[in-house]
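If you want the building blocks of each chain, they are given just below.
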Amino acid sequence: MADDGVNTKVEAVSKATTETIELRTEDGGVFDVDKPVAMEFLILKSFYEDEGRVFDKTSIRLPNVKQLELSKVIEYCTRALEFGAKSAAAAGDKDAERMVRQEREGFEAEFVDELSNEMLKELILAVNFLDIKEMLDFLIRSVANRIRNRSVAYVRQFFDIENDFTPQEEDQIHQENAWAFEGVDAD
Amino acid sequence: MEASYSMEETGTVGGGVGNNNNNRATITSIAQDHLLTILLLLPSDSILSFSMTCKKFRALIFSDTLWESICRRDWGSKSVDALKSSNLHFQQQQQLPWMRLYKQVFRLESVSCHNLTYPDSELLVPRPRASHSLNFVSDCLVLFGGGCDGGRHLDDTWVSFIGKGFQKMLKWQKVNSGIPSGRFGHTCVVMGNLLVLFGGINDHGSRQNDTWVGQVACHETSVITLSWKLLDLQSVAPPSRGAHAACSVDDRLMLIHGGIGLNGLRLGDTWVLEVSESLCYGAWREILTYPSPPARSGHSLTCIGGTRIVLFGGRGLGYEVLNDVWVLDMPEGYHKWVQIPYELPKIPEGVSLPRVGHSATPIVGGRLLIHGGEDSYRHKKDDFWVLDVSAIPSISVQQPTTLNSRGLLAKMWKKLKANGHKPNRRSFHQACADPLGCYLYVFGGMIDGLVQAVEPPELRFDAELFLVELVLKL
């Protein structure tokens, strides 16, 4: 059923006059999402705009998205739109622009810090499905931060990659690549 | 009247790796689709770790097209484009082996020196000097001014055509004298095809603050001319000085710092010169930031790709010889000096790092090659060090940290072995690199006198020209 806490939050953000779309997740979550935020999901945008559908109060089921992910996506996209507006307002004022950038970075750092690796991966899959370019770019960058300086095993596990090297092959490529690891401690 | 829609099951269809039955994208397929983006944010060791996960990713990552992007990221576009055009010029090959090149540059551990000084005394060569300027511009080596015995200044300009390949024999031509007026301790930087000269001191002890621009013109095969003209300034010029440091930034600006001013006091100010497109006008403005490098002279300023500048060493207000490293990032309209602290005792032979009158030249790979100079006992050096500051994240918000944070400062300093010709120990010499950043030309400077253990130490000027070749091996 709907996560009342999140639903209330979303409704509190939207003003009475803002149009909303109802999104239903595969695990039964129901969200009323502001139109501007929902239009950030290209899968929805093209559904409406490309197909020339009339935007009436319809309910859309998102089969590949769970409610936990959707609530995070809505949170990020709402803040992203706010930062976009602030940035536009600060245009021309270098100091103000920098402040907005720093504020955004602070939010993004906190946002991603709270995510476990599993959650990060689920979010990426959801965002990839919903086709939200900006958020996907952000999550991909966060992935790079997660796997930086990590062992081969860690990277495999993160991306569900199956090792198809023989032990001899592994040894050999390890030696070939040793030059990049000179002076670095083993992980 | 509420309609209900259901979005299609299919997400992005990735490649063959890891797709499940529903045709939904998996984390593995997404990794493949965004591989370049991810790798460009990782240091080379992490990139190779990724390549060791499975055969598919190894094949994807062992691509020279990908490594060209990594070279571009770590060395700068200028370096990569210079290598590409040089390759076209000589070998007409399809593509350079970028992954192998990256590895060679990464593993640089020695240089090879070649003597370029003519034993033949019939040929006209520049006389011994120090605190002159030496630059590589428009395929030529250009030498101007400097000081010689008796504390006298020189005002001659010499040019030698180098062309695209490195040559073992150089022919100097004297192309000018008298303009600009004689001086030593001035600076001269290259901005595109232009030389920009500033300041210096003449043998009356007068410090200057005039700004000159010079252009080389090659007529026919061996006739070279160089025209110098005074730059018309649209704003106030920095206070007069000599023994300051300068570098060109991004081919449109010149940065200067410190030096010894009118009353003999060491300065610690930073100024930027912007030259107009017509090359007739220039405007100076001071950069005021806190903190900033303390006052000093005989130090070095080097631009290592894009808008990142490194300051090193010199002699401070209390006459002490310094070894501090400062980095200035200059993204649009925002400047900040950051000191990079490091511990001398942790660096092998690091005790020899403090120096003044050294040369710091940008070489391929976005690093500095530091050579010579003297220490607080006026002992001159002949060593070669590579200074790598890529570990320090740029203050520009878009820059990711691509280096191993654990080894943050471990690779900052590396002393290189030197083979071949053994140059004299020297200070207040000049060095400049070829456009590829693989060869360094070094000329002149002060070397040890013939009579040892004499107080005060005998000043001896040198006229040796030698070539330093980076030994890039697999």
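Before going into details, it helps to say that this report is about the structure given with it.

Analysis parameters
- Residues numbered from 1 in each chain as written.
- Chains lettered and ligands numbered in written order.
- Predicted model: local features only at pLDDT ≥ 70, side-chain atom pairs only at ≥ 80, totals over all residues.
- Heavy atoms only, no water.
- Phe/Tyr/Trp six-rings, centres within 6.5 Å; stacked < 30°, edge-to-face > 60°.
- Helix = DSSP H or I, 4+ residues; strand = E, 2+ residues; numbered from the N terminus.
- Buried < 20%, exposed > 50% of the residue type's maximum accessible area, 1.4 Å probe, protein only.
- Salt bridge = Lys/Arg side-chain N within 4 Å of Asp/Glu carboxyl O.
- Pairing = 2+ DSSP bridges.
- Axes fitted to C-alpha atoms, helices over the stretch in contact; angles between N-to-C directions.
- 1 Å grid on protein atoms, 1.4 Å probe; cavity = no way out; pocket = protein on both sides within 12 Å on 5 of 7 lines; lining within 4 Å.
- Points joined across faces, edges and corners; volume = space filled by probe spheres on them.

Here the focus is the packing of aromatic side chains. Given two aromatic rings, their pairing is described by the distance between the two centres and the angle made by the two planes. All names here are of chain B. Under the counting rule described, the total for this entry stands at 21 aromatic pairs over all chains. Seen from their ring centres, W385 and W413 are 5.9 Å apart, and the 85 degrees between their planes marks the pair as edge-to-face. Of this pair, W385 sits in strand β24 (residues 384–387) while W413 sits in strand β25 (residues 413–420); the two residues are 28 residues apart in sequence, bridging distant segments of the chain. Residue W385 is classed as buried on the basis of its relative accessible area, which comes to 0%.

Applying the stated rule across the entire model yields 33 salt bridges over all chains. Notably, a salt bridge pairs R98 of chain A with D95 of chain A, separated by 2.7 Å at the nearest N-O pair. Of the two residues, R98 of chain A and D95 of chain A are both situated in helix α5 (residues 94–113); the distance of three residues between them amounts to about one turn of the helix. Of the residues examined, R98 of chain A reaches a relative accessible area of 19% and is grouped as buried. The structure contains a network of salt bridges with shared partners spanning E68, R72, D81 and K84 of chain B.

Let us look at the sheet that holds strand β5 (residues 152–161) of chain B. Residues and elements named next belong to chain B. Strand order in the open sheet made by the four strands is β3-β4-β5-β6, with antiparallel pairing throughout. Only two strands of the sheet have a single partner each, and these edge strands are β3 (133–137) and β6 (173–177). Sheet twist, expressed as the mean angle between neighbouring strand axes with direction ignored, is 20 degrees.

Moving on, we get to empty space enclosed by the protein. Residue and element names in this part refer to chain B. The tally for this structure, following the rule as stated, stands at six cavities of 30 Å³ or more. Its volume calculated, the second largest cavity comes out at about 70 Å³. Lining the second largest cavity are L116, T117, Y118, V125, P126, L170, W172, F443, A463 and L465.

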